[in-house]
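# A structural walkthrough
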Amino acid sequence: MTVSPLIWGITIVVILALLAFDYFFHIRKAHVPTLKEAAVWSGIYVGLAVVFGILVLIFGGGQMGSEYFAGYITEKALSVDNLFVFLIIMASFRVPREDQQKVLLFGIVFSLIARTGFIFLGAALINSFAWVFYIFGLILLLTAGNLLKPGDHGDNQANNFIIRLAKKFFHTTDKYDGDKLFTMVNGKRALTPMLLVMVAIGGTDILFALDSIPAIFGLTQNVFIVFTATAFSLMGLRQLYFLIDGLLDRLIYLSYGLAAILAFIGVKLILHALHENNLPFINDGEHVNVIEITTGLSLSVIIGTLIITVVLSLLSPAGKAQTAINNARRHAVNYLDLDYTADANERERIYRALTAEEAQIVQMPLKYRNKAKDVEQIREQVAEAHRQHEAFLNR
């Protein structure tokens, strides 16, 4: 189905209006969103995405609607996985809690711009060269394999090539000046960490697009559906970050679920490439008679895999233990970092969370406690947080 320029224009205006609303009514004034605020607005953005999908079903038909929902769910799942990296980057740069919303909004806007560019580039390549499906399929299979490798999410993302270049050729400072991108240090204009963290987020967004765009093109080649599913999956990502911050570590099987989904879509793309084949060294340039995976089956596999992944993660004792230990580590570090937040209520919230997590850790079996990395360092950080809190109360 061809989408008219009027519908394209209305859709783009609505998305830009949502981003502007997010900035002027939520982010312009630095603050730490409450759990209620994050939950309400996360629900609103998911609701808007679902309403849009229903409109696509009504006016575009069942095939187009199914493609939208398959694409949206896949992109949303990939976006949640990206939050791991955002969390690590902001922790590495010690971004004040009040200003993390602005960094996230920048990341969303930059991601939308980068992915839009990749979408139209991908569409142009697909229209001109059918063999691109082979490339996209291989990219997804390689990405799925990388997700299965043991290791932490994006440990070195904050120290990427662009950041190293910026620190080498420009005058930078390690001190924040509110949410300013530039400040004056000893009479000289300097880049603040706020600008550097945005560059780091932008750089990783480009890498994420290299995975996510082939994934959604494996589900639909309708550019309007690809664009809108991607855009709506990014809407509300900021609120989701604060809503599930601390629970991200609980999803210990998420990478396996995403690997299965990307591998499935990769196989689907390669089968489609064989069906459309025009490469002379494959079946003499003729199409190959292979089965093609339907959109309905794709949607069922994606939803089923994610449900199994989330349920197993939430029920896993190892997941609960890992969440408590990692959260205790993070909250102890944040409490000891005086630059983390200027909000006394936020610091008190962190301390209460730390004590609750410490109680969970004490009750868990030793085999889970001993699996934690740097367990002695975590204990020292928690003990120091207790000492500082006691000193604060006795002032």
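Here's a quick rundown of the structure. (Residues numbered from 1 in each chain as written. Predicted model: local features only at pLDDT ≥ 70, side-chain atom pairs only at ≥ 80, totals over all residues. Heavy atoms only, no water.)

## Observations concerning the overall build of the protein
Scanning the protein from N- to C-terminus turns up 15 helices and 2 strands. By the compact-globule yardstick of 21 Å for 395 residues, the protein fits well, its C-alpha radius of gyration being 23 Å. C-alpha extents for the protein along the principal axes are approximately 80 × 55 × 45 Å. Taking all contacts inside the protein whose residues are at least 6 apart in sequence as the whole, residues at least 24 apart take part in 78%. In the structure as shown, the protein presents an accessible area of about 19,500 Å², 65% of it carried by carbon and sulfur atoms. Mean positive and mean negative side-chain charge positions of the protein (32 and 32 charges, respectively) differ by 5 Å. (Helix = DSSP H or I, 4+ residues; strand = E, 2+ residues; numbered from the N terminus. Rg over C-alpha atoms; globule rule 2.2 N^0.38 Å. Contact = heavy atoms within 4.5 Å. Areas by Shrake-Rupley, 256 points an atom, 1.4 Å probe, with all protein chains shown as cover. Lys, Arg positive; Asp, Glu negative; His and termini not counted. Charge placed at Lys NZ, Arg CZ, Asp CG, Glu CD.)

## Notes on the packing of helix α4 (residues 100-128) against helix α8 (residues 223-234)
The geometry of a pair of packed helices is captured by two quantities: the angle between their axes and the separation between those axes. Running from N to C, α4 and α8 point in directions that differ by 165 degrees, and their axes come no closer than 10 Å. One finds that α4 runs roughly antiparallel with respect to α8. For the pair α4 and α8, the sense of crossing is right-handed. Facing I108, S111, L112, R115, T116, I119, F120 and A123 of α4, the residues of α8 in contact are V223, V226, F227, T230, A231 and L234. Per-class residue counts for the contact of α4 with α8 are 10 nonpolar, 3 polar and 1 charged. (Axes fitted to C-alpha atoms, helices over the stretch in contact; angles between N-to-C directions. Parallel < 35°, antiparallel > 145°, perpendicular 65-115°, else oblique. Left-handed = near helix turned anticlockwise from the far one by under 90°. Nonpolar A, V, L, I, M, F, W, Y, C, P; charged D, E, K, R; others polar.)

## Looking at the nonpolar core
One finds Y68, V197 and F217 to be the most contacted residues of the largest nonpolar core, which totals 89 residues. Here this core gets 15 residues from one element, more than from any other, and that element is helix α3 (residues 62-92). Excluding its chain neighbours within four sequence positions, the residues that come into contact with V197 are I89, M90, F93, V95 and V103. In terms of nonpolar packing, the next biggest core, distinct from the first, is built from 15 residues, A321, A328, L354 and I361 among them. (Core = buried A, V, L, I, M, F, W, Y, C linked by side-chain atoms within 4.5 Å. Buried < 20%, exposed > 50% of the residue type's maximum accessible area, 1.4 Å probe, protein only.)

## Observations regarding the pattern of salt bridges
Under the criterion given, the structure shown has 3 salt bridges. The salt bridge partner of E75 is R115, with a shortest N-O separation of 3.4 Å. Residue E75 is found in helix α3, and its partner R115 is found in helix α4; the two are separated by 40 residues along the sequence. Comparing E75 with R115, the two get one shared label, buried. R387 is the salt-bridge partner of E384, the closest N and O atoms lying 2.7 Å from each other. Highlighted residues: E384 and R387, both in helix α15 (residues 375-393), separated by 3 residues, approximately one helical turn. A relative accessible area of 27% places E384 in the partly exposed class. (Salt bridge = Lys/Arg side-chain N within 4 Å of Asp/Glu carboxyl O.)

## A closer look at the pairing of strand β2 (residues 188-191)
Judged from the 4 bridges that link them, strand β1 (residues 182-185) and β2 form a sheet pairing that is antiparallel. Pairing of V185 across the sheet is with K188, part of β2. The hairpin formed by β1 and β2 contains 2 residues between the paired strands, and N186 there has a positive phi angle of roughly 55 degrees. (Pairing = 2+ DSSP bridges.)

## Looking at the environment of A130
Within the fold, A130 resides in the loop between α4 and α5 (132-147). Sequence separation between A130 and L279 is 149 residues; the distance between their C-alpha atoms is 8.8 Å. Dropping the residues within four chain positions of it, A130 is found in contact with E276 and N278.

## Quick word on the packing of aromatic side chains
The tally for this structure, following the rule as stated, stands at 14 aromatic pairs. Ring geometry for Y253 versus Y256: centroids 6.3 Å apart, planes at 50 degrees, classification tilted. According to the relative accessible area criterion, Y256 is partly exposed, its value standing at 46%. Chaining the aromatic ring pairs together yields one cluster made of W8, F52, Y68, F69, Y72, F120, F224, F227 and F232. One cation-aromatic arrangement involves R189 over F182; the distance from NZ or CZ to the ring centre is 4.5 Å. (Phe/Tyr/Trp six-rings, centres within 6.5 Å; stacked < 30°, edge-to-face > 60°. Lys NZ or Arg CZ within 6 Å of the ring centre and 35° of its normal.)

## So, unusual backbone geometry
Look at N283: it is not a glycine, yet its phi comes out positive at around 55 degrees. We note that D284 has phi near 55 degrees; this positive angle belongs to a residue other than glycine. Along the chain, D284 turns up in the loop between α10 (254-275) and α11 (295-315). Looking at D284, the relative accessible area reads 71%, which means it is exposed.

## Digging into the packing of helix α7 (residues 193-217) against α8
Contact pair α7 / α8: the axes reach a minimum separation of 10 Å and the direction vectors enclose 130 degrees. Put simply, α7 runs oblique to α8. Between α7 and α8 lies a crossing whose hand is right-handed. Residues I213, I216 and F217 of α7 form the contact with α8, whose own contacting residues are I225, V226, A229 and T230. Of the residues contributing to the contact of α7 with α8, the split by class is 6 nonpolar, 1 polar and no charged.

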